[in-house]
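Chain residues, written in single-letter form:
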Amino acid sequence: MPSPRRNADGRPLAASASSSSSPGSPAHGGGGRFEFQSLLSSRAPGADPTCARLRASDSPVHRRGSFPLAGAGPSQAAPAPLPEEDRMDLNPSFLGIALRSLLAIDLWLSKKLGVCAGESSSWGSMRPLMKLLEISGHGIPWLLGTLYCLARSDSWAGREVLMNLLFALLLDLLLVALIKGLVRRRRPAHNQMDMFVTLSVDKYSFPSGHATRAALVSRFILNHLVLAIPLRVLVVLWAFIVGFSRVMLGRHNVTDVAFGFFLGYTQYSIVDYCWLSPHNVPVLFVLWNQQ
Ligand SMILES: CC(C)=CCC/C(C)=C/CC/C(C)=C/COP(=O)(O)O
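Residue positions are given per chain, counting from 1 as you read along its sequence in written order. Note on the predicted model: pLDDT of at least 70 is required for a residue's local features to be given, and 80 or more for side-chain atom pairs to be given and counted; whole-chain, interface and lining totals, by contrast, use all residues. Water and hydrogen atoms play no part in the side-chain values, which are based on all heavy atoms of the structure.

*Asks:* I'd love a proper account of the nonpolar core, names of residues and values included.
*Replies:* To form a nonpolar core, buried Ala, Val, Leu, Ile, Met, Phe, Trp, Tyr and Cys residues must be joined to one another through side-chain atoms within 4.5 Å. Here's how the labels work: a residue is buried when its accessible area is under 20% of the maximum for its type, exposed when over 50%, partly exposed in between, all with a 1.4 Å probe on protein chains only. By size, the foremost hydrophobic cluster in this structure holds 29 residues, and its most contacted members are Met130, Phe220, Trp238 and Val271. We count a stretch as a helix when DSSP gives it H or I for four or more residues in a row; a strand needs E for two or more, and each element gets its number in order from the N terminus. Broken down by element, the residue count for this core peaks at seven residues, all from helix 7 (residues 156–183). When checking whether two residues touch, look at their non-hydrogen atoms; a contact exists if any pair is within 4.5 Å. With residues up to four places along the chain from it excluded, the contact list for tryptophan 238 reads Ser136, Gly137, Trp142, Ala214 and Val217.

Below, the structure is given as structure tokens:
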């Protein structure tokens, strides 16, 4: 009786495992989610995410019988032609390869740059400074600060700007929580989870909430406060340093921060588009006036 075909772990392959549309096929992916999950989602405890997912034995070219030229010496008979779907397996999408390479570079670079991830890290002595930057971009000081200024503001123009800043900060918290909950990318393994007040989704790292807030708030400030050039430069620098410090602290991978900057920048465009004013939401301002 023919023994069932086995995979690299020695487990029998499902009857349709050689098909590109089958679960576990690298081209299509386990349940159709292999490629996406390998880039964005959780990993098995203790397993190295890159290596585990890029095992040569899992690749189509290393699968027994799926690559007619590999290892075929001149003395070997020509193998029977493969079914159409197996041939498609040999062509992993360009996008898949590009994304996997980006993921590998991202993990490697993030680990290299995580020089303040622990007290014993090479730049461990800089950790308190990085944590100070962390607090400067945290949601709580920004929310409390905005509410305080709103309560103290005595001009309509000031209230309008602060009301929109509050709206921007809340929108940011909501969008970041939503994306973190959907993508569920774990924080880097070298991160110490010793962050100041977090929400439950903050166990996930994509995107960096600090980077979104830094980009959003700095764009907001540059557009609504009249500042001298050196201060404008300082605001932009602060945003970049907050983002970079997330990687140095080991809290995030580079792509979490890069996407965070992009998201924060875009969020400002949304806030600007939906700008709250006494003309379009008079109720907000009337209510405030009655207090
Ligand atoms: C109103 C309300 C729900 C306030 C919550 C403020 C809060 C605890 C925000 C969390 C900020 C935070 C720790 C974000 C995580 O930043 P990453 O850069 O590590 O993603």
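*Asks:* Pulling in residues and values, what's your account of the environment of leucine 132?
*Replies:* Inspection of the secondary structure puts leucine 132 in helix 5 (residues 127–136). By relative accessible area, which is 57% here, leucine 132 ends up exposed. Leucine 132 sits 89 residues away from isoleucine 221 along the chain, and the two C-alpha atoms are 21 Å apart.

*Asks:* Which residues make up the environment of valine 233, and what are the values?
*Replies:* Within the fold, valine 233 resides in helix 9 (residues 229–248). Residue valine 233 is classed as partly exposed on the basis of its relative accessible area, which comes to 45%. Sequence-wise, valine 233 and alanine 104 are 129 residues apart; in three dimensions their C-alpha atoms are separated by 33 Å.

*Asks:* Can you tell me about the UniProt feature "transmembrane region" (unreviewed entry) in the chain, naming the residues and giving the values?
*Replies:* According to UniProt, the "transmembrane region" (unreviewed entry) feature falls on residues 165–183 and 220–241. Spanning residues 165–183, this segment combines 100% helix with 0% strand, and its end C-alpha atoms are found 27 Å apart. Between the C-alpha atoms that bound residues 220–241 the distance is 17 Å, and the span itself is 82% helix and 0% strand. UniProt positions are given in the numbering used here, feature names are shortened, and annotations may be inferred rather than shown by experiment.

*Asks:* Give a detailed account of the packing of helix 8 (residues 209–224) against helix 9, specifying residues and quantitative values.
*Replies:* To obtain an axis, a line is fitted to C-alpha atoms, over the contacting stretch when the element is a helix, and the angle between two such axes runs from 0 to 180 degrees between their N-to-C directions. Packing of helix 8 against helix 9 brings their axes to within 9 Å, and their N-to-C directions diverge by 175°. With respect to each other, helix 8 and helix 9 are oriented roughly antiparallel. Across the interface between the two elements, His210, Ala214, Val217, Ser218, Ile221 and Leu222 from helix 8 touch Arg232, Val235, Val236, Trp238, Ala239, Val242 and Arg246 from helix 9. Split by residue class, the contact of helix 8 with helix 9 holds nine nonpolar, two polar and two charged. Angular relationships are summarised with four words: roughly parallel below 35 degrees, roughly antiparallel beyond 145, roughly perpendicular across 65 to 115, and oblique for the angles in between. As a working rule, the residues Ala, Val, Leu, Ile, Met, Phe, Trp, Tyr, Cys and Pro are called nonpolar, Asp, Glu, Lys and Arg charged, and the rest polar, with Gly in that last group.

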